[in-house]
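Next come the chains, spelled out residue by residue.
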Amino acid sequence: SMQIVVEPELKPDDAAAIRTGLHAYNDSRVDSPDGHLGVLIKDDAGQTIGGLTARWYYNWMFIELLFVPEHLRGQDVGTRLMAEAEDHARSRGMIGIWLDTFSFQARGFYEKLGYVVFGELPNYPDSHSRYFLQKRLDHPSTP
């Protein structure tokens, strides 16, 4: 028999069961390696103070998080982080990179780097929008 139960506080084991089942199904249909990447900004003491996190699957990289501390903004640090992520994606033969950002964050920054909007979720959060952007990567042809 089956029950549908609402759990306002999702337990890690329950989330893992769902994730494992979905990944097993997807893996039975598509052969695609996955992985994670960190491009970090470290201070003089070696502490991480910002950077970029990404993951990839289905030959696309997803930029999860990008944070540049206030005192480093306007110095092309974000551009350098994105360039490192793009180089990594190219080296792995990925098709492209996608990400999301809010209207009060960095849409213009990503567009300057060649990313284009492929979706918008208006009023998320209220009076703002969440944008989804992508950039296809050029791959040198191999003989």
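Residues numbered from 1 in each chain as written. Predicted model: local features only at pLDDT ≥ 70, side-chain atom pairs only at ≥ 80, totals over all residues. Heavy atoms only, no water.

## Quick word on the layout of surface pockets
Stage number 1. Size it by volume and the largest pocket reaches roughly 530 Å³.
Stage number 2. If you go around the largest pocket, you meet 23 residues; those closest to its centre are Leu66, Phe67, Val68, Ala106 and Tyr110.
Stage number 3. Taken together, the elements giving at least two residues each to the lining of the largest pocket come down to β3 (60-67), α2 (77-91), β4 (96-102) and α3 (107-112).
Stage number 4. Element by element, the count of residues in the lining of the largest pocket is highest for β3, at five residues.
Stage number 5. Residues that form the lining of the largest pocket fall into these classes: 12 nonpolar, six polar and five charged.
Stage number 6. The computed volume of the second largest pocket comes to approximately 270 Å³.
Stage number 7. As for the second largest pocket, its lining consists of Leu22, His23, Asn26, Asp27, Ser32, Asp34, Gly35, His36, Arg55, Trp56, Tyr57 and Tyr58. (1 Å grid on protein atoms, 1.4 Å probe; cavity = no way out; pocket = protein on both sides within 12 Å on 5 of 7 lines; lining within 4 Å. Points joined across faces, edges and corners; volume = space filled by probe spheres on them. Helix = DSSP H or I, 4+ residues; strand = E, 2+ residues; numbered from the N terminus. Nonpolar A, V, L, I, M, F, W, Y, C, P; charged D, E, K, R; others polar.)

## Things to note about the environment of Phe102
Stage number 1. Relative to the helices and strands, Phe102 is located in strand β4.
Stage number 2. For Phe102, a relative accessible area of 18% translates into the label buried.
Stage number 3. Expressed as a C-alpha distance, the spacing of Phe102 and Ala89, which sit 13 residues apart in the sequence, is 24 Å.
Stage number 4. Dropping the residues within four chain positions of it, Phe102 is found in contact with Tyr124, Pro125, Ser129, Arg130 and Tyr131. (Buried < 20%, exposed > 50% of the residue type's maximum accessible area, 1.4 Å probe, protein only. Contact = heavy atoms within 4.5 Å.)

## Overview of the nonpolar core
Stage number 1. Judged by nonpolar contacts, the single largest core of 24 residues is most densely connected at Leu52, Met61, Ile63, Met82 and Tyr115.
Stage number 2. Those elements that provide at least two residues to this core are β1 (35-42), β2 (48-57), β3, α2, β4 and β6 (129-136).
Stage number 3. Excluding residues that lie within four positions of it along the chain, Met61 makes contacts with Leu37, Ala54, Arg55, Trp56, Ala85, His88, Ala89, Met94, Gly96, Ile97 and Trp98. (Core = buried A, V, L, I, M, F, W, Y, C linked by side-chain atoms within 4.5 Å.)

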